[in-house]
Each structure stands twice: as structure tokens, then as C-alpha cells.
Amino acid sequence: MRPWSLLLVVLVALPLVAGVATLPPHYAPDAPIHTHVGARYLERGVAETGMKNLVTAVLLNYRGFDTFIEVVVIFTALAAVLALPKGSAPMPKGSAPMPKGSAPMPKGSAPMPKGSAPMPKGSAPMPRGSGAIPKEAGAVRPREEEDPEVASDVPVSPVVRFVVRLLAPFMALFAVAMLFRGHITPGGGFQAAAVFAAVFIALGLVLGRARAARLVPVDWRPWLQGVAPLAFALIAWVGWRLTGSFLGYPIHDHTAQEAMTFVLEIGIALGGGVILARLFLEMEA
Amino acid sequence: MSDVFDIVMLTLLIATAVSVARARDLLAAVVIFSMYSLTMTLVWQHRGAPDVAMTEAAVGAGVTTVLFLITIARTTRREKP
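Each chain carries its own residue numbering, running from 1 in the direction its sequence is written. Lettering of chains starts at A and numbering of ligands starts at 1, both following the order in which they are written. Only residues with pLDDT of 70 or above have their local features reported here, since the model is predicted, and side-chain atom pairs are shown and tallied only from 80 upward, although totals for entire chains, interfaces and linings are computed over all residues.

Visitor: Tell me what's going on with the overall build of chain A, and back it up with residues and numbers.
Guide: Each helix corresponds to a stretch of at least 4 residues labelled H or I by DSSP, and each strand to a stretch of at least 2 residues labelled E; elements are numbered beginning at the N terminus. Counting secondary structure elements, chain A contains 12 helices and 0 strands. From first element to last, N terminus to C terminus, chain A shows the α and β order α-α-α-α-α-α-α-α-α-α-α-α. Whether a residue is buried, exposed or partly exposed follows from its count of other C-beta atoms within 10 Å of its own C-beta, namely 20 or more, 12 or fewer, or something in between, respectively; the C-beta atoms are built from the backbone. Relative to its full complement of 285 residues, chain A shows a buried share of 32%.

What follows is the structure in C-alpha cells.
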């Protein structure tokens, strides 16, 4: 077994090393990435797209289709995760399947009626958003650990809790800044989405899942999860109406173009962030 | 100076990558992998790609680490021999 693995490693590594060895030196001005299509972006990007940040110009304009499909891929990944049957993985803490309404799979032996809300909401008749459940409310339900609103609180170090709570507003502010300044500085929708999700997950780990989950309104979640592809589709359609080409931008109408870019960035940030956060919630449940 | 930084960072990358592959303790592997992402962030920044560096820091070192940790918490910490 071992000699064969070694042989395989060598066989894979040799072409890779040979390929890397033939790469042009770092920062070489005549490297293909600087002379081929990149040079055109740098020379004419601002004039052709009317965007101030060339990275944004490439992402949303030159490579708009790629970004569109990329957003769809992220959305599909979440859909695939949600479609996984619950309770098939080995679960140390109780093997009961969780009362999720969203997974389109036959539930194992969950005795609860499936709610129509596609959210981690149990079917227990409690007012929405009442995360602070009194203890005796749990007695009504058959198994308390099935209720996703009850936080599975792991003891968190006070230092960690303090630091996270201290930093969370600044992280959120940083994400907002990246979103709104993304057209002139590094950053943009995807980065803002990742930082938003990081804030959410950090808070979720420290404060408990239930309190973090309440940050995203339950009724809006299906729309928020799909808002990135939806925003792209909307902007693509608007561009089609305005310019005659799918995902086109009216480069002469500066206001319209900025508005379209803005909607796209907000859609990416919201949709991406909610998708990452939902992945976290889904795994924790 | 720039070459020294690159050499140190790339050596660290290889070292962390090999350690992740060799680690039997999956928790240690996740932590080292997070360090790999952080090193990669510095490399991206050094190569003049701040956008990618930000994404790597937030997704690579932040979110995926948490997801891996949750997975370990729900499965097992030791790799099967």
C-alpha cells in the first residue's frame, strides 16, 4: 500500500512542480496575466464599465455571469445541506431527529406534525420570537432537546464572552463599511457577507443559538436565503430592459448604474451572510 | 526582504498543511488548519490581493473553523486508526 501511495504522490507532484517551475517570476511585467486580459481591464476598465473599483468592475461587469452562477452555487449548497435527512448522522446527544420543517425528507419517527414554515421552528404553540422560554414551558413538550429555541448552552469563558460582545458591534460596522465602501476600497458584498456571518456565528456561540437566531426574522429567512440570486436576476433583467443585453449596465447613466451595483452588493451581502449563518444554525441544531 | 517574508510564509504553509494531514487529533487539525488560513491571508495581502485576503480571513479562518468544530462536537474527536 505504502509504496503505491508514494508513487502516486510523486506522479502527481512531478507535473505540478514542473509547472510551477515554468511560471514567470513574481511581478514580472511581461507575464501573461499582466499582458493578456488583465492589461485591458486596467487600461479600459474604468472607461468601459464606469466603476471606480476594478475588482468590482471585473466581478460584476466583465465576469458578471460567473458571479451570478457563483451566487447560485452558494444557494444550491445551502439547499443541499437542508435536504440532508436529519438524524442519520451519529449524534451523541440524543438520537431523536430535530423538528425541522425545512428538510424535504421524510422524518424518521418524529411524533410532531411538520409545520409548514420552512424554518427551525418547532410546532409548539408559542409566540414567535419568545426565546426566553420559562422552564415550565419545556415540560409540555415531549423532549426538551427537540426544541430548537432552547439554547444548548455550552459554558463559555467570561473572557471569551466579554471579548466577543465587545467586538461584535465593531465587526458588524466593519462589514457595513466594506459593503458601502466596496466600490472604491477593497471589500464588497462577498467579504461583507462573510464578516456578517462571522459576527452572527461568534454571537451564536457565546449567547446561545436561540438568541442569535432571533436576529434574523423567521418569516423573512426563505427570501433572505435566496436574495443574492434574486437580486442578480432582478438586476440582469433591469439591465436587459435598459441596454438590451442580459446583465448589461447603462454606463452612460451613472446614477442608474450605481443603483444597480448597490442593489447587487446588498443582495450578495445579505444573501451570502444569511446562507452562511443558516449553515451554522443547521449544524448546531 | 520581500523574499524572506515569502519564504517564511510558504514554509509555514507547507508545515501547517503537513501537520493537518498528520494530526490524529481532529481538534488539533482544525486549529492548525485555521492557522494555515491565517498564513494564507498574509500571503494574499502580501501579493496585493486584499479582497481575497479578507475573504480568506473571514471564511477560511473564521467560519469554516467554527463549522468544523461543530462537526467534531457532534461526531468524534479522534480519527479512526
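Visitor: Explain the overall build of chain B to me, using residue names and the numbers behind them.
Guide: Along its length, chain B carries 3 helices and 0 strands. N-terminal to C-terminal, the α/β element order of chain B is α-α-α. By the burial criterion, 23% of the 81 residues in chain B qualify as buried. Here the contacts in chain B between residues at least 6 apart in sequence split such that 48% fall between residues at least 24 apart. Our contact criterion uses C-beta atoms placed from the backbone: two residues qualify when those atoms are within 7 Å.

Visitor: Requested: an account of the environment of phenylalanine 33 of chain B, with residues and values cited.
Guide: All names here are of chain B. In this fold, phenylalanine 33 is placed in helix 2 (residues 26-46). The exposure class of phenylalanine 33 is buried, given the 21 C-beta atoms found within 10 Å. Taking C-alpha positions, phenylalanine 33 is 7.8 Å from alanine 61, a pair spaced 28 residues apart along the chain.

Visitor: Give a detailed account of the interface of chain A and chain B, specifying residues and quantitative values.
Guide: For interface size, the figure often reported is the accessible area lost on association. Residue-level contacts link 20 residues of chain A with 14 residues of chain B. Elements with a contribution of two residues or more to the side of chain A that touches chain B: helix 8 (189-207) and helix 12 (254-284) of chain A. A total of 8 residues in the side of chain A that touches chain B trace back to one element, the largest contributor, which is helix 8 of chain A. Just so you know the grouping, Ala, Val, Leu, Ile, Met, Phe, Trp, Tyr, Cys and Pro go in nonpolar, Asp, Glu, Lys and Arg go in charged, and all remaining residues, Gly too, go in polar. Across the side of chain A that touches chain B, the residue classes break down as 16 nonpolar, 3 polar and 1 charged.

Visitor: Before we move on, could you go through the packing of helix 7 (residues 158-180) of chain A against helix 8 of chain A and cite the residues and values that matter?
Guide: Helix-helix packing: each pair is described by the crossing angle between the helix axes and the interaxial distance. Residues and elements named next belong to chain A. Working convention: axes come from line fits to C-alpha atoms, limited for helices to the stretch in contact. Angles between N-to-C directions cover 0 to 180 degrees. Running from amino to carboxyl end, helix 7 crosses helix 8 at an angle of 160°, the nearest separation of the two axes being 9 Å. When the interaxial angle is binned, helix 7 and helix 8 end up roughly antiparallel. Note that helix 7 runs across helix 8; the crossing there is left-handed. Along the contact surface, helix 7 presents Val160, Arg161, Val164, Arg165, Ala168, Met171, Ala172, Phe174, Ala175, Met178 and Leu179, while helix 8 presents Gly189, Gln191, Ala192, Val195, Phe196, Ala198, Val199, Ala202, Leu203 and Val206. Each residue belonging to the contact of helix 7 with helix 8 can be placed in one class, and the counts come to 17 nonpolar, 2 polar and 2 charged. Each angle gets one of four labels, with under 35 degrees taken as roughly parallel, over 145 as roughly antiparallel, 65 to 115 as roughly perpendicular, and the rest as oblique. Crossing chirality is assigned from the near helix's rotation relative to the far helix, an anticlockwise turn below a right angle marking it left-handed and a clockwise turn marking it right-handed.

Visitor: So, the nonpolar core: which residues are in play, and what are the values?
Guide: Core membership is restricted to buried Ala, Val, Leu, Ile, Met, Phe, Trp, Tyr and Cys residues, and these are joined into a nonpolar core through C-beta atoms within 7 Å. Formed by 56 residues in total, the largest nonpolar core has its most connected members in Ala194, Val195, Ala197 and Ile201 of chain A. Of all elements in the fold, only helix 4 (54-62), helix 5 (64-83), helix 7, helix 8, helix 9 (209-213), helix 11 (227-243) and helix 12 of chain A together with helix 3 (50-74) of chain B reach the threshold of two or more residues within this core. If one sorts the elements of this core by residue count, helix 8 of chain A sits on top with 16 residues. Residues contacting isoleucine 201 of chain A, with those up to four places away along its chain left out, are Ala277 and Phe280 of chain A together with Val63 and Val66 of chain B.

Visitor: Talk me through the confidence of the model for chain B; I want residue IDs and the actual numbers.
Guide: All names here are of chain B. Looking at any residue, its pLDDT shows the predictor's confidence there, from 0 to 100. Residues with a pLDDT of 70 or more make up 98% of chain B, whose mean pLDDT is 87. Averaged over each element, pLDDT in chain B is lowest for helix 3 (85) and highest for helix 2 (92). Confidence estimates for the predicted assembly give a pTM of 0.70 and an ipTM of 0.76.

Visitor: Summarise the packing of helix 1 (residues 2-22) of chain B against helix 2 of chain B; cite the residues concerned and give the values.
Guide: All names here are of chain B. In contact at an axis separation of 9 Å, helix 1 and helix 2 are set at 155° when each is read in the N-to-C sense. In terms of orientation, helix 1 lies roughly antiparallel with respect to helix 2. Crossing of helix 1 over helix 2 shows left-handed handedness. Residues Phe5, Met9, Leu12, Leu13, Thr16, Ala17, Ser19 and Val20 of helix 1 touch helix 2, and the partners they reach there are Ala29, Ile32, Phe33, Met35, Tyr36, Thr39, Met40, Leu42, Val43 and His46. Of the residues in the contact of helix 1 with helix 2, the class split is 14 nonpolar, 4 polar and no charged.

Visitor: Account for helix 8 of chain A, naming residues and giving values.
Guide: Residues and elements named next belong to chain A. Expected helix span is taken as 1.5 Å per residue step, with the number of steps being one fewer than the number of residues. Look at helix 8: 26 Å from first C-alpha to last across 19 residues, which is about the 27 Å you get at 1.5 Å a residue. Burial analysis of helix 8 places 19 of its 19 residues in the buried class, the great majority of the element. Positive backbone phi, at 100°, marks glycine 208, one or two positions downstream of helix 8.

Visitor: Describe the environment of phenylalanine 174 of chain A, with residues and values.
Guide: Residues and elements named next belong to chain A. The residue phenylalanine 174 is located in helix 7 in this model. Classification of phenylalanine 174 by C-beta neighbours within 10 Å gives buried; the count is 20. Through-space distance from the C-alpha of phenylalanine 174 to that of alanine 192 is 8.0 Å; in sequence the pair is 18 residues apart.

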